[in-house]
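# Geometric and topological summary
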Amino acid sequence: MEASSLPYHEPSIVQVLTLSSFGLLLNLTNWALERTIYCGLVGQILIGVFWGTPLGDWLDSSIEAAVVQLGYLGLILLVYEGGLSTSLAPLLHNLPLSTAVAATGILLPIALSFPLTALLPGTTPLQCFAAGAALSATSLGTTFSILTSSGLARTRLGTVLTSAAMMDDVVGLIMIQVVAALGTSTSSDSGGSSISGATIGRPVGASLGLLLFVILACRWLVAPLHRHRHRSLRPGPTPTPTPANPPAEAARPALSAANRAFTIHTALLLTLVTTASYAGTSVLLAAFLAGAAITWSDNLSPTTTTTTTTAWTGARIYEHYYAPITTRLLTPFFFASIGFSIPITQLFAGSTVWRGIVYAALMALGKLLTGVWLLRFRVPGVAVAGRIRALRKFGPAACTTPATTTTTATPATTSSTTTATTTNSTPPTNTTPAPAQKPKSLYPPSILGLAMIARGEIGFLIASVAEARGIFSPAPGGAEGSSELYLVVIWATVVCTVLGPVCVGLLVRRVKALERERVVKGGTSGGVGVLGSWGVDIDVPAEGWRG
């Protein structure tokens, strides 16, 4: 008989200590690693491995399930925060470049997965495709965490990385359904595979429909409301103070404005997330669009242009209401839940180790090459170089200043500073730092490629679906009932999930050190930064931004 209520039992002291240490260490490791290499999420994943089922098994299965569910709320809010820090104008402006980066990051891992037939004898092309599909998606939560920790969220580099990772997430959602359909058809009709058009068409159509709906709603509904509000807020005669309006009343509208903005923002977020879920597209895409739409609306509001410190914008509402619980509880739970899904005890069996490492290297290379789109090079007689330069028109140059983008044509001039264009009487100051600027141009593509390496929740999900549907099962048997191909894919996913953030953190630490050195040497007055125009804040207008 089903119980009518949940009986209350006092937790034991062991449970109290276990949960306390779990929550404290998630934040302590994050704090320590963020201060050193800007990748606290790696420590949170490891805490999930040690405290969860993979190793320690100190948490009950019900608690792990609750952590997974709460962690997914943290992922949604993390992506929502990324939308709040994104401006739609530069996002749409860099869309062709972001599409090229995303397509490269999807196609290369799938193509580099077919050598598994030689690496793991007996693997079929279908299994190679499923493995590549699992490794083609970039972890969206990891990407936003990296951008937030490194301070690159509002830069042009962060804009390209954000939109590319978002496209990977939508394609990853499609891959999950494709792999599930392949598993069903393989088990039902003796290896024949057939995928209906709805399997691919529904996620793509729902994603485009949701994007179009948000754009049209902003254009034809939100913008007219802001224009009407702007007319109603025009200065009028100042009312005479009366005893009926004491000074204490002035604080009440500010509080009600905050509550009203919080209610509207939360309702919009929940509405878009619910709509996306029932429509068959990614709820993370909906969360991102909700944040971007709120930021766009804030920029139209007449109050935000005059009283930016007191207006309750989307970013301020997030910091006041969402950030405390998201930063300290929900986001650590999300990365710990990734650690729960790593079968660490099975990964060190037999030849699985070296095969997993080799496959992880191939998958890291497939994502690292996405940074090529940010390089500036010319190959005479090769049409690809022309296409790259054509796409570069839609975005800023990789490492040039606004003043030099319209006049420079040689590497020597691209590494000079903007002050050199106005004061040419001091050639020693312009020629001495020129050789040092060339290697710095590799930082933006390196950060982009390394940030794209990180896999995560979608990779584990696709691999688990492929294993559950029997796609990986025909491969040579692995340990404890898991197919060896599944363990090799998990190896690559784990290595990439850890390797990407660590490398980005170390590289960002190096970039910040170079920036401090540049400031000490007096390079703050218009000089070329380490990241060039890719490190410029998207809210700062710059000549040449429109290509």
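Residues numbered from 1 in each chain as written. Predicted model: local features only at pLDDT ≥ 70, side-chain atom pairs only at ≥ 80, totals over all residues. Heavy atoms only, no water.

The subject of this paragraph is helix H14 (residues 314–340). For H14, which comprises 27 residues, the first-to-last C-alpha distance of 33 Å sits more than 12% below the rise-based estimate of 39 Å (1.5 Å per residue). Of all the bends in H14, the largest measures some 65° and sits at tyrosine 322, one to four residues before the proline proline 324. (Helix = DSSP H or I, 4+ residues; strand = E, 2+ residues; numbered from the N terminus. Expected span 1.5 Å × (residues − 1). Bend = angle between axes of the 7 residues up to and from the residue.)

Counted by the stated rule, this structure contains 2 salt bridges. Between arginine 355 and glutamate 484 there is a salt bridge; the shortest N-O distance is 2.8 Å. One end of the pair, arginine 355, is in helix H15 (residues 352–368); the other, glutamate 484, is in helix H22 (residues 484–520), with 129 residues separating them in the sequence. With a relative accessible area of 8%, glutamate 484 lands in the buried category. (Salt bridge = Lys/Arg side-chain N within 4 Å of Asp/Glu carboxyl O. Buried < 20%, exposed > 50% of the residue type's maximum accessible area, 1.4 Å probe, protein only.)

What follows concerns the nonpolar core. Counting residues in each nonpolar core, the largest one holds 119 residues, and the members touching the most others are Val79, Tyr80, Tyr359, Ile447, Phe472 and Val489. The next biggest cluster of nonpolar side chains, apart from the first, holds 9 residues, and it includes Phe22, Val67, Phe333 and Ala336. (Core = buried A, V, L, I, M, F, W, Y, C linked by side-chain atoms within 4.5 Å.)

Next up on the list: helix H12 (residues 283–300). Its 18 residues place the ends of H12 26 Å apart at the C-alpha level, agreeing with the 26 Å of an ideal helix rising 1.5 Å per residue. Most of H12 sits inside the fold, with 15 of its 18 residues counted as buried. For H12, the capping residue at the N-terminal end is serine 282, with a side-chain oxygen 3.2 Å from the backbone nitrogen of leucine 284. (Polar contact = N/O pair within 3.5 Å; in protein donor to acceptor, adjacent residues only side chain to side chain.)

Next up on the list: the confidence of the model for the protein. Of all residues in the protein, 73% attain a pLDDT of 70 or more, and the chain-wide mean is 77. Here residues 248–252 scores under 50 on pLDDT; set against residues more than four positions off or in separate chains, the count is 0 contacts. For the stretch residues 475–480, pLDDT sits under 50, and the model shows 13 contacts to residues farther than four places along the chain or on other chains. (pLDDT = per-residue confidence, 0-100. Contact = heavy atoms within 4.5 Å.)

Once that is clear, we can look at the side chain of histidine 265. Examined against the element boundaries, histidine 265 turns out to sit in helix H11 (residues 251–279). Given the relative accessible area of 8%, histidine 265 is considered buried. Histidine 265 has contacts with Tyr80, Ile294, Trp312, Thr313, Gly314 and Ile317, leaving out every residue within four places of it along the chain.

Now for the side chain of arginine 455. In this structure, arginine 455 sits in the loop between helix H20 (443–453) and helix H21 (457–468). Put simply, arginine 455 is tucked away with no salt bridge, and the nearest opposite charge, on aspartate 168, sits 7.8 Å away. Contacts of arginine 455, omitting those with residues within four sequence positions, involve Pro109, Leu135, Ala137, Ser139, Thr142, Met363, Lys367, Thr493, Cys496 and Thr497. (Lys, Arg positive; Asp, Glu negative; His and termini not counted.)

So, about the packing of helix H3 (residues 61–84) against H12. Where H3 contacts H12, the axes come no closer than 7 Å and their chain directions differ by 35°. Note on packing geometry: the crossing formed by H3 with H12 is right-handed. When H3 is examined against H12, the residues Tyr72, Leu75, Ile76, Val79, Tyr80, Gly82, Gly83 and Leu84 are found in contact with a partner set consisting of Val283, Leu284, Ala287, Phe288, Ala290, Gly291, Ala292, Ile294 and Thr295. Within the contact of H3 with H12, the residues separate by chemical class into 13 nonpolar, 4 polar and no charged. (Axes fitted to C-alpha atoms, helices over the stretch in contact; angles between N-to-C directions. Left-handed = near helix turned anticlockwise from the far one by under 90°. Nonpolar A, V, L, I, M, F, W, Y, C, P; charged D, E, K, R; others polar.)

The subject of this paragraph is the environment of arginine 202. Inspection of the secondary structure assignment puts arginine 202 in helix H10 (residues 197–232). The exposure class of arginine 202 is partly exposed, given its relative accessible area of 48%. For the pair formed by arginine 202 and alanine 279, sequence separation is 77 residues and the distance between their alpha carbons is 7.9 Å. What arginine 202 contacts, discounting residues up to four positions off in sequence, is Gly197, Tyr278, Ala279 and Gly280.

Before going further, it helps to spend a moment on the environment of threonine 274. When you line up the elements, threonine 274 lands in helix H11. Taking relative accessible area as the criterion, threonine 274 reaches 39% and is therefore assigned partly exposed. Measuring from C-alpha to C-alpha, the distance between threonine 274 and alanine 286 comes to 8.6 Å, with 12 residues separating the pair along the chain. Within the local environment of threonine 274, its side chain forms a polar contact with the backbone oxygen of leucine 270, the two atoms lying 2.7 Å apart.

Turning next to the packing of aromatic side chains. For the structure shown, the criterion picks out 11 aromatic pairs. Between the aromatic rings of phenylalanine 22 and phenylalanine 333, the centroid separation amounts to 6.0 Å while the plane-to-plane angle is 25°, which identifies the pairing as stacked. Placement of phenylalanine 22 in helix H1 (residues 13–36) and of phenylalanine 333 in helix H14 is noted, with a sequence separation of 311 residues between them. On the basis of relative accessibility, which here comes to 2%, the residue phenylalanine 22 falls in the buried class. With 6.2 Å between their ring centres and 35° between their planes, phenylalanine 144 and phenylalanine 288 make a pair best called tilted. Pair noted here: phenylalanine 144 is in helix H8 (residues 140–150) and phenylalanine 288 is in helix H12, with a separation of 144 residues, a long-range link. For the pair shown, phenylalanine 144 and phenylalanine 288 are each scored as buried. An aromatic cluster is built from Tyr80, Phe262, Tyr318, Tyr321 and Tyr322, whose rings are joined through pairwise contacts. (Phe/Tyr/Trp six-rings, centres within 6.5 Å; stacked < 30°, edge-to-face > 60°.)

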